[in-house]
Amino acid sequence: MKLIHGELIKLVTLRLALWTILLAAACGMLLTGALALIGPENATPPMPGLDTVEGVEIVLGLPAVLLFVPALIGTIAVTSEYRHRTIGTTFLAAPRRGRVLGAKLIVYALLGLTYGIICSAASGVALYVGVAARGVAIPVPVGEIVVPLLQLALAAAVYMVLGVSIGALARNQLVAIAIVLGYFYVLEFVLMMIPGVNSLYPILPGGATASLTSFSFLTDALAEQTSLDAAALASPLAGAGILLAYAGVAGLLATIVPLRRDLR
Amino acid sequence: MSAAPIEITRLAKRFGTVDAVTDATFSAAPGRVTGFLGPNGAGKSTTLRMLLGLIRPSEGTALILGKHYRDHRRPARLVGAVLDIAGAHPRTTARQHLRTYSALSGVSPKRVDAVLDETGTAEYADRRIGTFSTGMRQRLALATALLGDPEILVLDEPSNGLDPAGIVWLRTFLRAFAASGRTVLLSSHLLGEVEQTADDMVLIDRGRVTRTGSLCDLRSNGKSLEDVFLRATQEGAPL
């Protein structure tokens, strides 16, 4: 508990918790709000309108595009410890490194969940404000809107854990950021364009996220442009399972690998 | 027989093809300041980091009261260490930094004000560390080391960046710490400073401990510590 307490103090004193909340609200509100106000049917390319279930799903799933934000928050938080050399002070205070990193993973999973809940809530509010402004009736009851929003919250928690793990393994801040952005926003798209390899997409983190959040508009559009068949996504439950498995493996590596490393 | 506060036995560390520390053996006794003296790059910091579990030895053991640092239940209450003045986030204040590390060490937050007073850092406790001078950061590093009210202090070049008044203050502080029966292991490359502070000496050069003994013994036959140190380091072989 003392390690979790210490990590929570770091979150507050470095204002990381505050910035996470602000970023979550901005990410949730901006994309969903903008698209809800413009109307998905007026976007380029046109998407189903908000008077359809599909259109509502697309608008609510849009913040999933920005899931690199919680991943980067986690990455930057951990690599800052190496950058400012506070990790040595931390390991002197608590020399069981596995426990320190375990505490970090727990705290950042909770922060990721907080990010996801705020982002989802902001997204939901933006949707209702947008449709109210345009006088469109949403064909989905509120209860059904909550489910994809909670799925987004879970995905945010997983992405933050992945970010923390990548940061703990890479240690160098720039390298870790490059890995996070390079993987999620370059490598996965490249893999999706390679015939044969793209069938693996559903079990990659991006594909599992698309399954969980039911947001596959961008990948479907990419498949259409490249004339490749889009691989069928897993169910949301399977997507959640795959993402949690990634988080578990990454978290395990992040707690084991630093145990034997020298801190010079 | 109780274990020595610090006991280093045949300690070695190899980084790739470089032997940073080779076959180092020495100890530090309670109630005394042990100076760990050597030129830059001699292996002092590597040895201290092995003692504190931050670097894994290639061979040998480095024990604190008979155990590895990490095997003590509450090591920060036993050992305070100053290894790196950069070990504080520049956007936090000194007080926030100390609160964080008191929590991580399992030390009462009441100790924060005590160590701020003890190290003369109270007047800038609520300033961001990024605005601190090197000397202020050194004092903060010492305050962090003292959070657990430890029995043993391990300090790597603690007088770096301190002004003359700060150096005198540190010397007085360390002498008083040792006089209360506690143990200090102090690394430095500043002969004059160590000579005025330490009771015992360990000389290290190119990764090898070349001399150990009390300051009086090393200076016997009318030799100065500088003579002994230069002979030990220039020849590069055990004396």
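Before any of the text, the structure's been laid out above.
This report concerns the structure included in the present document. Predicted model, so just to flag it, every value in this text is computed and none were measured.

Looking at the overall build of chain B
Helix and strand counts for chain B come out as eight helices and nine strands. Relative to the globule expectation of 18 Å for 239 residues, the C-alpha radius of gyration of chain B, 18 Å, shows essentially globular dimensions. Expressed along its principal axes, the backbone C-alpha trace of chain B runs to roughly 50 × 40 × 40 Å. Here chain B holds 239 residues, and 50% of them are scored as buried. Long-range pairs, those at least 24 residues apart, make up 69% of the contacts in chain B between residues at least 6 apart in sequence.

Looking at the nonpolar core
Residues A:A155, A:A156, A:V158, A:M160, A:V161, B:L51 and B:V154 are the most contacted members of the largest nonpolar core, which totals 148 residues. By residue number, the principal contributor to this core is helix 7 (residues 142-170) of chain A, which donates 15 residues. Residue contacts for A:V161: discarding those within four places in its chain leaves A:G74, A:L105, A:Y108, A:A109, A:G112, A:A247, A:A250 and A:G251.

Remarks on helix 11 (residues 236-256) of chain A
Residue and element names in this part refer to chain A. Its 21 residues give helix 11 an end-to-end C-alpha distance of 30 Å, which sits within 8% of 30 Å, the value for a rise of 1.5 Å per residue. When helix 11 is considered as a whole, its buried residues turn out to be G239, A240, I242, L243, Y246, A247, A250, G251, A254 and T255. Tucked inside the fold, the buried residues of helix 11 contact helix 6 (97-134), helix 7 and helix 9 (205-213).

Overview of the interface of chain B and chain A
With 29 residues of chain B at the interface, the matching set in chain A holds 24 residues. Element by element, the count of residues in the side of chain B that touches chain A is highest for helix 2 (residues 94-105) of chain B, at seven residues. Taken together, the residues of the side of chain B that touches chain A break down into 14 nonpolar, nine polar and six charged.

A closer look at the sheet that holds strand 4 (residues 59-64) of chain B
Residue and element names in this part refer to chain B. Pairing is antiparallel across the open sheet formed by three strands, whose spatial order is 2-1-4. Taken across any chain shown, the strands that pair with only one partner, and hence form the sheet edges, are strand 2 (18-28) and strand 4. Averaged over all neighbouring strand pairs, the angle between strand axes comes to 20°, with direction disregarded.

Examining the sheet that holds strand 9 (residues 208-214) of chain B
Adjacent strands of a sheet form backbone hydrogen bonds with each other and so pair up, either parallel or antiparallel. Residues and elements named next belong to chain B. Taken in spatial order, the six strands make up an open sheet running 5-6-7-3-8-9, and their pairing is mixed. Whereas interior strands pair on both sides, the edge strands pair on one side only; in this sheet they are strand 5 (79-82) and strand 9. Averaged over all pairs of adjacent strands, the angle between strand axes in this sheet comes to 15°, irrespective of strand direction. Sheet topology places strand 8 (residues 200-205) next to strand 9; six bridges connect them, and they run antiparallel. Directly across from D205, in strand 9, lies its bridge partner R208. Running at roughly 165° to strand 5, helix 4 (residues 134-146) makes contact with strand 5 and strand 6 (152-156) of the sheet.

Details of the pairing of strand 2 of chain B
Residues and elements named next belong to chain B. Pairing analysis gives seven bridges linking strand 1 (residues 6-15) to strand 2, with the strands arranged antiparallel. Bridging from a neighbouring strand, R14 pairs with D19 of strand 2. Linkage of strand 1 to strand 2, two consecutive antiparallel strands, is achieved through a turn of two residues, within which G16 is found at a positive phi near 65°.

Some words on the packing of helix 4 (residues 68-83) of chain A against helix 7 of chain A
Residues and elements named next belong to chain A. Viewed as axis vectors pointing N to C, helix 4 and helix 7 meet at an angle of 30°, and their least axial separation amounts to 7 Å. Relative to helix 7, the element helix 4 is oriented roughly parallel. Crossing angle aside, the handedness with which helix 4 passes helix 7 is right-handed. Across from P70, A71, L72, I73, G74, T75, A77, V78 and T79 in helix 4, the residues of helix 7 making contact are A156, Y159, M160, V161, L162, G163, V164, I166, G167 and A168. In terms of residue class, the contact of helix 4 with helix 7 is made up of 14 nonpolar, five polar and no charged.

Reading the values: the criteria
Residues numbered from 1 in each chain as written. Chains lettered and ligands numbered in written order. Predicted model: local features only at pLDDT ≥ 70, side-chain atom pairs only at ≥ 80, totals over all residues. Helix = DSSP H or I, 4+ residues; strand = E, 2+ residues; numbered from the N terminus. Rg over C-alpha atoms; globule rule 2.2 N^0.38 Å. Buried ≥ 20, exposed ≤ 12 C-beta atoms within 10 Å, placed from the backbone. Contact = placed C-beta atoms within 7 Å. Core = buried A, V, L, I, M, F, W, Y, C linked by C-beta atoms within 7 Å. Expected span 1.5 Å × (residues − 1). Nonpolar A, V, L, I, M, F, W, Y, C, P; charged D, E, K, R; others polar. Pairing = 2+ DSSP bridges. Axes fitted to C-alpha atoms, helices over the stretch in contact; angles between N-to-C directions. Parallel < 35°, antiparallel > 145°, perpendicular 65-115°, else oblique. Left-handed = near helix turned anticlockwise from the far one by under 90°.

Worth remembering: the numbers are spatial, not functional.
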